[in-house]
Amino acid sequence: EAQVTQNPRYLITVTGKKLTVTCSQNMNHEYMSWYRQDPGLGLRQIYYSMNVEVTDKGDVPEGYKVSRKEKRNFPLILESPSPNQTSLYFCASKESPNTGELFFGEGSRLTVL
Amino acid sequence: AQSVSQHNHHVILSEAASLELGCNYSYGGTVNLFWYVQYPGQHLQLLLKYFSGDPLVKGIKGFEAEFIKSKFSFNLRKPSVQWSDTAEYFCAVRTSGGYQKVTFGTGTKLQVIP
């Protein structure tokens, strides 16, 4: 089954404790992206990757890092989480940067105390 | 930079009522347009999309949307809503040329009352 898998789905952590949210897709998609969803603000893009070893900032990259060492994986790293990063995070992928629609993961709800 | 506006933040309808959710975008070039739906506690799923051709597109579950280029709009419609349509709906725009960025609107929460 074609899917985008995120882990963990739920996480409560404390300020400053590094964490990683993993994202994996099994559709051989070139393009992957991370969004955060906040009430009243919709989805905002954090980082995206057009292919292996190619990543770039989205609209709200501050406080986040990503890497794309393999085509299927695109982890989101919060080196020193802060309470304003409490949000619902979605990973998404699509076949290529310039075609197709986005396929979303189930979401990861992160709370930073 | 492009932007997407969804003016209705929260819509409450009774079952069988007709639905129209507004979506306007600002971008002067060629666009691809999408509506995504997010059911409670779930991820976003594609409802319908417009790339080219007939500006009236039909999606899943009886939804349709009309692209009006002169109005920069892509409104979502359904003649008769059901309780199961309770969800949040997001309009999204992808621009052409170069890196084709996808920009989402802020979403419209639809509540359908039985």
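Predicted, not measured: the structure shown is a model, and the values here were computed from it.

Before going further, it helps to examine the overall build of chain B. Helix and strand content of chain B: zero helices and 12 strands. Reading chain B from its N end, one meets helices and strands in the order β-β-β-β-β-β-β-β-β-β-β-β. In terms of overall dimensions, chain B is globule-like: its C-alpha atoms have a radius of gyration of 14 Å, near the 13 Å expected for 114 residues. Projected onto the principal axes, the alpha-carbon positions of chain B cover approximately 45 × 30 × 20 Å. Classification of the 114 residues of chain B by burial places 48% in the buried group. Within chain B, contacts between residues separated by at least 24 positions form 55% of all contacts whose residues are at least 6 apart in sequence. For chain B, the computed accessible surface area is about 5,300 Å², with 54% contributed by carbon and sulfur atoms. Looking at charge distribution, chain B has the averaged site of its 10 positive side-chain charges lying 8 Å from that of its 7 negative ones.

This part takes up the interface of chain B and chain A. Contacts between the two partners involve 19 residues from chain B and, on the opposite side, 23 residues from chain A. Summing both partners gives a buried area of about 1,700 Å² for chain B against chain A, and 52% of it is carried by carbon and sulfur. For the pair chain B and chain A, the interface holds one salt bridge. The residue K49 of chain B makes a salt bridge to E101 of chain A at a minimum N-O spacing of 3.0 Å. Inspection of the region where chain B meets chain A yields four residue pairs in polar contact (both at pLDDT 80 or more).

This part takes up a nonpolar patch on the surface. Residues and elements named next belong to chain A. Together, I12, V14 and L113 make up a nonpolar patch on the protein surface, roughly 320 Å² of accessible area in all. When you line up the elements, I12 lands in strand β2 (residues 10–13). Relative accessible area serves as the criterion here: at 62%, I12 is assigned to the exposed category.

Attention shifts here to the sheet that holds strand β7 (residues 65–66) of chain A. Residue and element names in this part refer to chain A. The sheet built from four strands is open, its strands ordered β1-β3-β8-β7 with antiparallel pairing. Single-partner strands in this sheet number two, and they are β1 (4–7) and β7. In terms of strand pairing, β7 meets strand β8 (residues 76–78) through two bridges, oriented antiparallel. Following the sheet pairing, V66 is matched in β8 by L76.

Here we take up the nonpolar core. Counting residues in hydrophobic clusters, the biggest one holds 28 residues, and the most contacted among them are L33, W35, L47, L48, F74, L76 and Y89 of chain B. At the level of secondary structure, the elements contributing two or more residues to this core comprise β2 (10–14), β3 (19–21), β5 (31–38), β6 (44–50), β8 (64–68), β9 (73–78), β10 (87–95) and β12 (108–113) of chain B.

A few words now on the pairing of β1 of chain A. Residue and element names in this part refer to chain A. In β1, alternate side chains face the same way, and those of V4 and Q6 are buried while those of T5 and N7 on the opposite face are not. Both β1 and strand β3 (residues 19–25) contribute to a ladder of four bridges, which runs antiparallel. For Q6, the partnering residue across the bridge sits in β3 and is C23.

Looking now at the pattern of salt bridges. Scanning all chains against the criterion turns up eight salt bridges over all chains. The closest approach of N and O atoms between R36 of chain A and D38 of chain A, which form a salt bridge, is 2.8 Å. On the basis of relative accessible area, D38 of chain A is assigned to the buried category, the value being 11%. With its nearest N and O atoms 3.0 Å apart, the salt bridge here joins E79 of chain A to K65 of chain A. Residue E79 of chain A is found in the loop between β8 and β9 (87–94), and its partner K65 of chain A is found in strand β7; the two are separated by 14 residues along the sequence. Given a relative accessible area of 42%, K65 of chain A falls into the partly exposed group. Beyond isolated ion pairs, a larger network of salt bridges with shared partners links K58, E64, E66 and R77 of chain B.

Parameters and conventions
Residues numbered from 1 in each chain as written. Chains lettered and ligands numbered in written order. Predicted model: local features only at pLDDT ≥ 70, side-chain atom pairs only at ≥ 80, totals over all residues. Heavy atoms only, no water. Helix = DSSP H or I, 4+ residues; strand = E, 2+ residues; numbered from the N terminus. Rg over C-alpha atoms; globule rule 2.2 N^0.38 Å. Buried < 20%, exposed > 50% of the residue type's maximum accessible area, 1.4 Å probe, protein only. Contact = heavy atoms within 4.5 Å. Areas by Shrake-Rupley, 256 points an atom, 1.4 Å probe, with all protein chains shown as cover. Lys, Arg positive; Asp, Glu negative; His and termini not counted. Charge placed at Lys NZ, Arg CZ, Asp CG, Glu CD. Buried area = accessible area lost by both parts, 1.4 Å probe. Salt bridge = Lys/Arg side-chain N within 4 Å of Asp/Glu carboxyl O. Polar contact = N/O pair within 3.5 Å; in protein donor to acceptor, adjacent residues only side chain to side chain. Patch = residues over 30% accessible without salt bridge, like charges linked within 9 Å, V, L, I, M, F, W, Y side chains within 5 Å. Pairing = 2+ DSSP bridges. Core = buried A, V, L, I, M, F, W, Y, C linked by side-chain atoms within 4.5 Å.

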